[in-house]
Amino acid sequence: MPDVGTGPGARPLHRPSPASAGALLAVLSAAAFSTSGAFAAALLASGWTPGALVTVRLALGGLALLGPALWQLRGRFGLLRTRWPRIVLYGAVTMAACQLCYFYAVSRLSVGVALLLEYTAPVLIVALVWARTRRRPGWLRLAGAGVAMGGLVLVLDVFAGMRLDPVGVLFGLGAAVTLAAYFLMSGRTDDGLPPLVLAAGGLLSAGAVLGAVGAVGLLPFAWSSEPVVLMGIATSPLVPLLGISLVAAALAYATGIAATRRLGAPLASFVGLFEVVFAVAVAWLFVGQLPTGGQLVGGAVIMLGVVAVKLDEVLAARRRRAGVHPAGSTASVPGTRSDAGG
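The paragraphs below set out a description of the structure included in this document. Residues take numbers from 1 onward in each chain, read along the sequence in its written order. Only residues with pLDDT of at least 70 are given local features in this predicted model, and only at 80 or more are side-chain atom pairs given and counted; all residues enter the totals for whole chains, interfaces and linings. The side-chain quantities take in all heavy atoms of the structure and omit both hydrogens and water.

### Section: the nonpolar core
For soluble globular proteins, nonpolar side chains are generally found buried alongside one another.
Part 1 of the reasoning: To form a nonpolar core, buried Ala, Val, Leu, Ile, Met, Phe, Trp, Tyr and Cys residues must be joined to one another through side-chain atoms within 4.5 Å. Throughout this description, buried means an accessible area under 20% of the type-specific maximum (1.4 Å probe, protein chains only), exposed means over 50%, and partly exposed covers the range between. Core analysis: the biggest nonpolar cluster contains 73 residues, and Leu-58, Leu-152, Tyr-253, Phe-270, Leu-273 and Ile-302 have the highest contact counts within it.
Part 2 of the reasoning: Secondary structure is summarised from DSSP: a helix means a run of H or I of at least four residues, a strand means a run of E of at least two, and numbering begins at the N terminus for each. The element contributing the most residues to this core is helix α4 (residues 78-106), with ten residues.
Part 3 of the reasoning: In terms of nonpolar packing, the next biggest core, distinct from the first, is built from 15 residues, Leu-53, Leu-230, Val-282 and Phe-286 among them.

Right under this line is the structure:
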């Protein structure tokens, strides 16, 4: 048995670094988010409207995290009295507004175009860091961003059935802005809010906001108790409803927030692009929709882009430790890590 004790001659336990743990959490979050399409498709086919589905998804996801969040908050309940405005704002902007913008975008644009616009969020974050610090990102990071976006175009098959509309484009860009806000606000640690508390509070707040929007008629609400077909099997609508709430909401947001706090918003947002790659795999498993060659190539290209962004952070961290501050280095910005990769 290997010696992992603390006595003389013992070898210390090797714990994963924050960056490694963050990368695993970010991939898990992307995989969890990717299941929403398959679960949603089953419910939408039975008569659910997107507005009702997402509202229930967020509300049930928040309720599922409520117990663990209160446990994580034990002894610090005073944080809720002082931080509740940020929790409500987080849910309203990064969850409710993001969902609304995407729904309105996809009602006027083809799905591929709407998703492509929404997933320009990582590029927006890079641009924001550049504007805030007035330091140009490293060429490797810029190249990685471009490569990742190119891979995204291939995975989404954007040009198949392309449909454009100026108002839809504006809503798509709104979805990108609110998604960027999700990563930036999730990455903040200066308010002392534990990840589960932020996730649960945000989900419940978002569910309340969408419920209010639906109550005044701005978001169509309809649901059905009829059986649904999931993976070719007729089942109760509770099965996909619990799946989309527990996996694609509670697990996805909880791990996403934890990952962003370890990786920083820029890198976490690029890893989040793997959601579309996992979504292709989920469609293959759930409905037998085989990925095209272009989508497989696109997934590999996205991975290359993310690796380039991470490598840029590693090299920048080494230069900082050596006391070198090139024009392309990243300074401290809310939601980023100045020591990422170090």
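### Description of the side chain of Ser-245
Part 1 of the reasoning: Mapping Ser-245 onto the fold places it in helix α10 (residues 238-263).
Part 2 of the reasoning: Residue class for Ser-245 comes out buried when judged on its relative accessible area of 0%.

### Concerning the packing of α4 against helix α5 (residues 111-118)
Part 1 of the reasoning: Each axis is a line fitted through C-alpha atoms, taken for helices only over the stretch in contact, and angles between the N-to-C directions span 0 to 180 degrees. α5 packs onto α4 with a crossing angle of 145° between their chain directions and a minimal axis gap of 9 Å. In this structure, the crossing between α4 and α5 has a hand that is right-handed. Together, Cys-98, Tyr-102, Ala-105 and Val-106 of α4 and Val-111, Ala-114, Leu-115 and Glu-118 of α5 make up the contact between the two elements.
Part 2 of the reasoning: Within the contact of α4 with α5, the residues separate by chemical class into seven nonpolar, no polar and one charged. Crossing handedness is read from the near helix: turned anticlockwise from the far helix by less than a right angle, it gives a left-handed crossing, and turned clockwise, a right-handed one. Only heavy atoms matter for contacts: two residues are in contact if any of them lie within 4.5 Å across the pair. In this classification, Asp, Glu, Lys and Arg are treated as charged, Ala, Val, Leu, Ile, Met, Phe, Trp, Tyr, Cys and Pro as nonpolar, and every other residue, Gly included, as polar.

### Some thoughts on the environment of Gly-151
Part 1 of the reasoning: Position of Gly-151 among the secondary structure elements: in helix α7 (residues 139-156).
Part 2 of the reasoning: Among the residues examined, Gly-151 registers a relative accessible area of 0% and is labelled buried.

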